[in-house]
Every structure is written in C-alpha cells, then in structure tokens.
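Chain and residue survey
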Amino acid sequence: MTAVAEQAPTHDCRADFADELAALARSDERIVAVCNDSVGSSNLAAFREEFPTRLINVGIAEQDMVGVAAGLANAGFVPFVSAAAPFLTGRALEQIKADVAYTYRHVILCGQSPGMAYGELGPTHHSIEDLSWMRAVPGLEIIVPADPAETRSAVRWAVASGRPTYLRIPRFKVPAVTPAGTPFAAGRSTCLSNGSDVTVIAVGTMVSRALDAAGILGRRGISARVLNMTFVEPLDTEAVVAAARETGAIVTAEEGLLSGGLGAAVARVVTERHPAPMRMLGVPSFAPTGSASFLLEHFGLTAEGIATAACEVLDRV
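This text gives an overview of the structure that appears in the document.

What counts, and at which threshold
- Counting restarts for each chain: residues are numbered from 1 in the order of the written sequence.
- The predicted origin of the model limits local features to residues at a pLDDT of at least 70 and limits the giving and counting of side-chain atom pairs to 80 or more, whereas totals for whole chains, interfaces and linings rest on all residues.
- Side-chain measures were taken over the full set of non-hydrogen atoms in the model, leaving aside hydrogen atoms and water.
- Counting from the N terminus, the helices are the DSSP runs of H or I reaching at least four residues and the strands are the DSSP runs of E reaching at least two.
- Exposure categories follow from relative accessible area, calculated using a 1.4 Å probe and restricted to protein chains: below 20% of the type maximum is buried, above 50% is exposed, and the middle band is partly exposed.
- Here a polar contact means two N or O atoms within 3.5 Å. Within protein one must be a hydrogen donor candidate and the other an acceptor candidate, and residues neighboring in sequence count only if both atoms are side-chain atoms.
- Throughout, disulfides are identified as pairs of cysteine sulfur atoms within 2.5 Å of each other.
- By this definition, two strands are paired if DSSP reports at least two bridges between them.
- To get an axis, a line is fitted to the C-alpha atoms, and for a helix only the part in contact is used. The angle between two axes follows their N-to-C directions and goes from 0 to 180 degrees.
- Residues count as neighbours in contact if any of their non-hydrogen atoms are within 4.5 Å of one another.
- Two aromatic rings, drawn from Phe, Tyr or Trp (for Trp, its six-membered ring), form a pair once their centres lie within 6.5 Å of each other, and the interplanar angle then sorts them: stacked below 30 degrees, edge-to-face above 60, tilted otherwise.
- Within this document, salt bridges are pairs made up of a side-chain nitrogen of Lys or Arg and a carboxyl oxygen of Asp or Glu, the two lying within 4 Å of each other.
- Roughly parallel covers angles under 35 degrees, roughly antiparallel covers those over 145, roughly perpendicular covers 65 to 115, and oblique covers all other angles.
- Side-chain classes are defined by residue name, with Ala, Val, Leu, Ile, Met, Phe, Trp, Tyr, Cys and Pro counting as nonpolar, Asp, Glu, Lys and Arg as charged, and the others, Gly among them, as polar.
- Note that the arc is defined by the directions from the helix axis to the C-beta atoms.

A few words now on the side chain of H106. Within the element layout of this structure, H106 appears in the loop between α6 (93–101) and β5 (108–112). Accessibility expressed as a relative area gives 13% for H106, which makes it buried. A distance of 3.5 Å separates the side chain of H106 from the backbone oxygen of V159, its partner in a polar contact.

Turning our attention to the state of the cysteines. Within this structure, the stated rule accounts for zero disulfides. No disulfide involves C35; its sulfur sits 11 Å from that of C110, the nearest cysteine. According to the relative accessible area criterion, C35 is buried, its value standing at 0%. Residue C110 is classed as buried on the basis of its relative accessible area of 0%.

The strand order β3-β2-β4-β5-β7-β6-β12 describes an open sheet built from seven strands, whose pairing is mixed. Strands at the two margins of the open sheet, each flanked by one partner only, are β3 (55–57) and β12 (231–233). Ignoring which end each strand starts from, the neighbouring axes of this sheet average 20° apart. Looking at chain direction, strand β4 (residues 78–84) and β5 are connected through five bridges and run parallel. Opposite A83, over in β5, you have G111 as the bridge partner. Where helix α4 (residues 62–74) meets the sheet, its contacts fall on β2 (31–35), β3, β4 and β5, and the angle it forms with β4 comes to roughly 165°. Here helix α8 (residues 148–161) sits on the sheet in contact with β2, β4, β5, β6 (141–143), β7 (165–169) and β12, set at roughly 165° to β7.

Turning to the packing of aromatic side chains, a few remarks are in order. Summed over all chains, the structure comprises four aromatic pairs. Ring geometry for W157 and F231: centres 5.1 Å apart, planes at 80°, overall edge-to-face. Of this pair, W157 sits in helix α8 while F231 sits in strand β12, and the two are 74 residues apart along the sequence. Centre to centre, the rings of F184 and F231 are 5.5 Å apart; their planes meet at 55°, and the pair counts as tilted. Here the residue F184 occupies a position in the loop between β8 (174–175) and β9 (190–193), and F231 occupies one in strand β12, the gap between them amounting to 47 residues. For F231, a relative accessible area of 1% translates into the label buried.

The next thing to look at is the pairing of β4. Successive residues of a regular strand alternate their side chains across the two faces of the sheet. β4 sits mainly inside the fold: seven of its seven residues count as buried. One ladder, built from five bridges, connects β2 with β4; its direction is parallel. Across the sheet, residue A33 finds its bridge partner in β4, namely F80.

Looking now at the pattern of salt bridges. One pass over the structure, following the stated rule, counts 16 salt bridges. With a closest N to O distance of 2.7 Å, E50 and R26 form a salt bridge. You can see E50 sitting in helix α3 (residues 45–50) and its partner R26 sitting in helix α2 (residues 13–27), a full 24 residues away along the chain. Residue R26 is classed as exposed on the basis of its relative accessible area of 53%.

Let us now look at the packing of α4 against α6. Two numbers describe how α4 lies on α6: the axes approach to 9 Å, and their chain directions differ by 5°. Put simply, α4 runs roughly parallel to α6. Only Q95, I96, D99 and V100 of α6 make contact with α4, whose side of the interface consists of Q63, V66, G67 and A70. Of the residues belonging to the contact of α4 with α6, the class tally is four nonpolar, three polar and one charged.

A few words on α6. Taken as a whole, α6 has its buried residues at Q95, I96, V100 and A101. Here the buried residues of α6 occupy an arc of 145° about the axis, which is enough to place them on one side. In α6, those exposed residues whose orientation departs by more than 90 degrees from the buried face are E94 and K97. Buried-residue contacts for α6 involve α4, α5 (85–91), β5 and α7 (130–135).

With that out of the way, let us pick up the sheet that holds β9. The strand order across the open sheet formed by five strands is β9-β11-β10-β13-β14, and the pairing between neighbours is mixed. The sheet is open, and its two borders are formed by β9 and β14 (278–283), each paired with just one other strand. Shown here is a sheet whose adjacent strand axes are inclined to one another by a mean of 25°, direction ignored. Relative to strand β13 (residues 250–257), strand β10 (residues 198–202) runs parallel, the two being bridged by four bridges.

In structure tokens:
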C-alpha cells in the first residue's frame, strides 16, 4: 500500500464525524451535541436541523461548554463537545481536568481542525499542544483517527465505551487507509505495511504520508513497517516493543508538538522496554503563519521528510 496521498481521493473527516453522530442519535436519545458557536465548522448544521432540542450552543464560552457537558453526562446523557481544538483544549483545560476526567464523566471532547489546519490564522489558532495537554490529564482516552472509516469507528466506540474521551477530528483532507474489517479497540494499533528495517509510527494526517514514505524507502531497498497508532492513550505498547525489537529503529510522525505527544509516549516505552534508535518528527516550537501544506512541508512532515528521517535513524543502528 504505497503512494496513498498522491493517488487516492481525499476526504474531510468532519463530514464523517457529523454523519455518524446523527446516525447514532437517531437510535440513542441520550446523545446530544454541545458547541461554542461552532455549528458550521463542526459540520453540525444538519444535526441541529434534525435534532433542534439536542444541540446546545453556549456561545463563545468554552469553559461553560465543558461544564454544561459534564452536567449533562451526570444526568445520563452522552454529550459530544465539539469545538476548534485550540480553544477546546486551551481555554477549558481546567474543566476538562476537574469536571470530566477527575469525576470520570462520559463526555466525548471533539477537537475539530487540530494541528496546523488553521495555518494562515497563525499560532493562536494552531492546535499543536493538544495531544501534550490531554496526555497530561489522567483518565482520558485519546483517539486520533487517520481517515473517514476510523473517524466513524471512533464515534461509535466513544459512545459505547462509557469513558471520557478526547477525539481529534482533522480538517486537512486525507485519503482512506484503513483496510475493510479492521477491528477498532482501545490500545490497539494497525499495521498498514510490514517491514523489517525500520518502523514508522504515525497518527492522523501523517499516516497516509507514512505509507507514501514506505514506498519511497522500498524503492531505496529499505523495508519499512508502518503503524497507525490510533490511540495515543492508551498506547499499543506491545506493538511499539515489537517494532523496536524486530526492526531496530523507529520514526514517529505527528502534527503536533514534539514535547509530550505521540513521540514522547513511544519514547517512554522504548526507553523502558527495549531501547532502540528513534527519530521524532513533529513541531519543535510555535509554528509560523502559512497554509497547512506549507507548514507541513516546513517541518518535514511529508512523505519525503519521513523517508529522510528513517534513513537518518538507520545510520545510527
């Protein structure tokens, strides 16, 4: 499975999120949506039209939004809190910690347009810290879907799980990468490409690029394994250990800060369980202002950038 991003049609996962949410709401009256004047950017206009009493718009008041959702969960509802990721996680972090995670309420926090999707709006709108912040909060499941199929599976899983969850919904269009019939379970990654020389562990928008990188590496005689690490928390530690043991080198790729995100989670497992050379690709600090495509190129979060990182880490094996 190679050249995914270059050849396959791409999809806006926000549409799949909204469609699946509405489908579940038709058979489950507990499901409600809570947003911060973000009906349009969350693709919830159709949900509001079909369920006018089950969408609560609190206005631009993210802390209230999370508090209201926690109250709804306490009353037996299943609230989906949908807002732009930088504002949901940045402005309401205390409420996420105290009202959702600490009290273990069944609230699904949906960070829309994460990473550098709002590139031209600058660092105030970039959501590169969210994985680091959410990983620091005990008790939260953290899901980063890679494509439409995983987005729909994540919505269904979040309803059935009964657990507080942070769900990252990409705005940057991505191709389908999930094979039909792939199981979706907490703490389980998916191997999308087998390889014996190096492993690339990626999440979200980086997964299709990792597959393209595997194609580039294959043409150079390098066998690359690609793991889609859908759950950043709980992490598939056994898959990480197997990658370190069987391929001897690991590259991680994420559209977020290097400190505290996917790479940090993988590095902890590798350090403690099976030391191996690693290279972490992500954003080292505040990103400049520019289009999402420009920013991904700027930080080497491309197929060629991932392939280059894999060659560099192999030089250390």
